[in-house]
Amino acid sequence: MSLRLIFIIFSMLLLIPGQTLAWPWSRDMMNQPSIKPQEGEMPESPPRSVPVGGYPTPVKNRLHAARLANPIAASAESIARGKQFYTIFCVPCHGSNGKGDGPVGKKFPVSPMDLTNDFIQHQAFDNWIYANITFGGKLMPAYKNDLASDERWDVVNYIRHQLLQDLQQRATPQQTADKTGGR
Ligand code: HEC
């Protein structure tokens, strides 16, 4: 094979969109007959519709996130909110035990990280977890548009302060609680 041909094939490989995750189907949901930003005049909102604000993300990138301190104290309220968000947004992949064994997580070629491991529980900084929630991973989706910044810190607080206890409690269920109808 001539060098020239190898060069051409190599250049074409570089054009494959895998690197940026810009697969044609990545934008399928966007290609629909809706009015896009800057496209003509906004129609009147239907009656009884409720306006929602966006979620500004006060963090530019991972490097910036690495300098942030957790601004939300790990209070019982924050942990309870975090658990709710965790249940909605993380359980499908990471599982309610945090082990990475949620029904969607099992379909991934790389298992979602075990969030009860020593690294997440004792070594990682809060801002590392926050950055991963905000910007996602190679496979994991980003949550900067779905969860407000404070809500993401709530999830961090839940993972750091209660996820492990919840797992241990499930492993040794209290029988009396079942009989009295407790959850
Ligand atoms: C659609 C599946 C999916 C969902 C939903 C999901 N994750 Fe993940 N997560 C993954 C996968 C897969 C990985 C490992 C590979 C990677 O980094 O993308 C991962 C990795 C992580 C990591 C470690 C990052 C690393 O470098 O490996 C953290 C921390 C994490 N997830 C937290 C969360 C939290 C918190 C939520 C909920 C807000 C969440 N994830 C929701 C799939 C998911």
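Residues numbered from 1 in each chain as written. Predicted model: local features only at pLDDT ≥ 70, side-chain atom pairs only at ≥ 80, totals over all residues.

K.L.:
Just to check I follow, could you spell out the overall build of the chain for this structure?
P.N.:
Helix and strand content of the chain: eight helices and zero strands. Along the chain, helices and strands appear, N-terminal first, in the series α-α-α-α-α-α-α-α. Residues classed as buried in the chain amount to 20% of the 183 residues present. For the chain, long-range pairs separated by at least 24 residues make up 61% of all intrachain contacts whose partners lie at least 6 apart in sequence. (Helix = DSSP H or I, 4+ residues; strand = E, 2+ residues; numbered from the N terminus. Buried ≥ 20, exposed ≤ 12 C-beta atoms within 10 Å, placed from the backbone. Contact = placed C-beta atoms within 7 Å.)

K.L.:
Would you mind showing me how to read the site of the ligand here?
P.N.:
C90, C93, P112, G137 and M140 are the nearest of the 21 residues found near the ligand. Contributing elements (two or more residues each) for the shell around the ligand: α3 (76-94) and α5 (126-135). Among the elements that line the shell around the ligand, the one with the most residues is α3, at five residues. Its residues assigned to classes, the shell around the ligand shows 16 nonpolar, four polar and one charged. (Near = placed C-beta within 6 Å. Nonpolar A, V, L, I, M, F, W, Y, C, P; charged D, E, K, R; others polar.)

K.L.:
Got a minute to help me understand the environment of W128 in this structure?
P.N.:
Here W128 lies in helix α5. With 15 C-beta atoms packed within 10 Å, W128 lands in the partly exposed category. The spatial distance from the C-alpha of W128 to the C-alpha of L63 is 9.8 Å, given a sequence separation of 65 residues.

K.L.:
Any chance you could explain the nonpolar core here in plain terms?
P.N.:
By size, the foremost hydrophobic cluster in this structure holds 21 residues, and its most contacted members are I129, Y130, I133, V155, V156, Y158 and I159. Within the residue set of this core, elements represented by two or more residues are α3, α5 and α6 (149-161). If you tally residues by element for this core, the top one is α6, at five residues. If sequence neighbours within four positions are ignored, I129 has contacts with I120, A124, V156 and I159. (Core = buried A, V, L, I, M, F, W, Y, C linked by C-beta atoms within 7 Å.)

K.L.:
What am I meant to see in the environment of A65 here?
P.N.:
With respect to the helices, strands and loops of the structure, A65 is situated in helix α2 (residues 62-65). In this structure the C-alpha to C-alpha distance between A65 and W128, which are 63 residues apart in sequence, comes to 7.4 Å. What A65 contacts, discounting residues up to four positions off in sequence, is V59, N127, Y130, A131 and T134.

K.L.:
I would appreciate a short explanation of unusual backbone geometry in the present structure.
P.N.:
Both trends apply: most residues other than glycine have a negative phi, and most peptide bonds are in trans. Phi at Q38 takes a positive value of approximately 70°, unusual for a residue other than glycine. Mapped onto the fold, Q38 is located in the loop between α1 (3-14) and α2.

K.L.:
Help me out: how do you make sense of the packing of α5 against α6 in this one?
P.N.:
Helix-helix packing: each pair is described by the crossing angle between the helix axes and the interaxial distance. At a minimum axis separation of 9 Å, α5 and α6 run at an interaxial angle of 125°. Relative to α6, α5 is oriented oblique. Taken as a pair, α5 and α6 cross one another with a handedness that is right-handed. Facing D126, I129, Y130, I133 and T134 of α5, the residues of α6 in contact are R152, W153, V155, V156, I159 and R160. Partitioning the contact of α5 with α6 into residue classes produces seven nonpolar, one polar and three charged. (Axes fitted to C-alpha atoms, helices over the stretch in contact; angles between N-to-C directions. Parallel < 35°, antiparallel > 145°, perpendicular 65-115°, else oblique. Left-handed = near helix turned anticlockwise from the far one by under 90°.)

By themselves, these observations are geometric and do not establish any function.
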